[in-house]
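# Observations on the three-dimensional arrangement
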Amino acid sequence: PPSGRVEADRAAFNPAGKPGQDRVRVAQSGSREEQWTGELVGPSGRVLRTWRFGAQPPATLDWDGTDESGATLPDGVYSYRLRAQD
């Protein structure tokens, strides 16, 4: 079965904050699979942004607090999940 790991470099950040505090960096790794997908999930459980990676996810992903259209999202609790298709 697919196996992966995800870890954020901080629990909270401010997209309008100072450089270095305006994004969150996600460290990730995964087994070799057909397709990996990263999803940003909002407080309601809805997927707000999707990244498609191919056979393995990149080692890091920076999120700047924006949705799929580039709009800055409001304050809230967001989750990132890494999914695989094998």
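Each remark here, short or long, concerns the structure printed above.
Because the structure is a prediction, the values reported are computed rather than measured.

### Examining the overall build of the protein chain
Across its full length, the protein chain holds zero helices and six strands. Starting at the N terminus and ending at the C terminus, the protein chain contains elements arranged as β-β-β-β-β-β. Expected size for 86 residues packed as a compact globule is a radius of gyration near 12 Å; at 13 Å, the protein chain falls within 12% of this value. Along the longest, intermediate and shortest principal axes, the C-alpha atoms of the protein chain span 40 × 25 × 20 Å. Residues classed as buried in the protein chain amount to 30% of the 86 residues present. Long-range contacts, defined as pairs at least 24 residues apart, comprise 54% of the intrachain contacts of the protein chain with a sequence gap of at least 6. Surface exposure of the protein chain reaches about 5500 Å², of which carbon and sulfur atoms provide 46%. One finds the centroid of the 11 positive side-chain charges in the protein chain at a distance of 2 Å from the centroid of its 12 negative side-chain charges.

### Quick notes on the sheet that holds strand β2 (residues 24–30)
What the three strands build is an open sheet, ordered β1-β2-β5; its pairing is antiparallel. At either end of the open sheet lies a strand with only one pairing partner, and these are β1 (4–8) and β5 (60–63). Between one strand axis and the next, the sheet turns by 20° as a mean value, whatever way the strands run. The pairing of β2 with β5 spans four bridges and is antiparallel.

### Concerning the nonpolar core
Formed by Val24, Val26, Trp36, Leu40, Leu48, Trp51, Phe53, Leu61, Trp63, Leu73, Tyr80 and Leu82, the largest nonpolar core amounts to twelve residues. When residues of this core are traced back to their parent elements, those giving at least two are β2, β3 (35–41), β4 (47–54), β5 and β6 (79–85). Among the elements that make up this core, the one with the highest residue count is β4 (three residues). Among all residues touching leucine 82, those that are not within four sequence positions of it are Arg5, Val6, Gln28, Ser29, Trp36, Thr37, Gly38, Phe53 and Pro57.

### A word on the pattern of salt bridges
The final tally for this structure, using the stated rule, is seven salt bridges. Among the ionic pairs, arginine 5 bridges to glutamate 7, the shortest N-O distance being 3.6 Å. Residue classification places arginine 5 among the partly exposed positions, given a relative accessible area of 39%.

### Quick notes on the pairing of β3
With six of its seven residues buried, β3 lies for the most part within the structure. Note that β3 and β6 share seven bridges and pair antiparallel. In the strand pairing of β6, valine 41 is matched with serine 79. Pairing analysis gives six bridges linking β3 to β4, with the strands arranged antiparallel. The partner of threonine 37 across the bridge, within β4, is arginine 52.

Definitions and cut-offs
Residues numbered from 1 in each chain as written. Predicted model: local features only at pLDDT ≥ 70, side-chain atom pairs only at ≥ 80, totals over all residues. Heavy atoms only, no water. Helix = DSSP H or I, 4+ residues; strand = E, 2+ residues; numbered from the N terminus. Rg over C-alpha atoms; globule rule 2.2 N^0.38 Å. Buried < 20%, exposed > 50% of the residue type's maximum accessible area, 1.4 Å probe, protein only. Contact = heavy atoms within 4.5 Å. Areas by Shrake-Rupley, 256 points an atom, 1.4 Å probe, with all protein chains shown as cover. Lys, Arg positive; Asp, Glu negative; His and termini not counted. Charge placed at Lys NZ, Arg CZ, Asp CG, Glu CD. Pairing = 2+ DSSP bridges. Axes fitted to C-alpha atoms, helices over the stretch in contact; angles between N-to-C directions. Core = buried A, V, L, I, M, F, W, Y, C linked by side-chain atoms within 4.5 Å. Salt bridge = Lys/Arg side-chain N within 4 Å of Asp/Glu carboxyl O.

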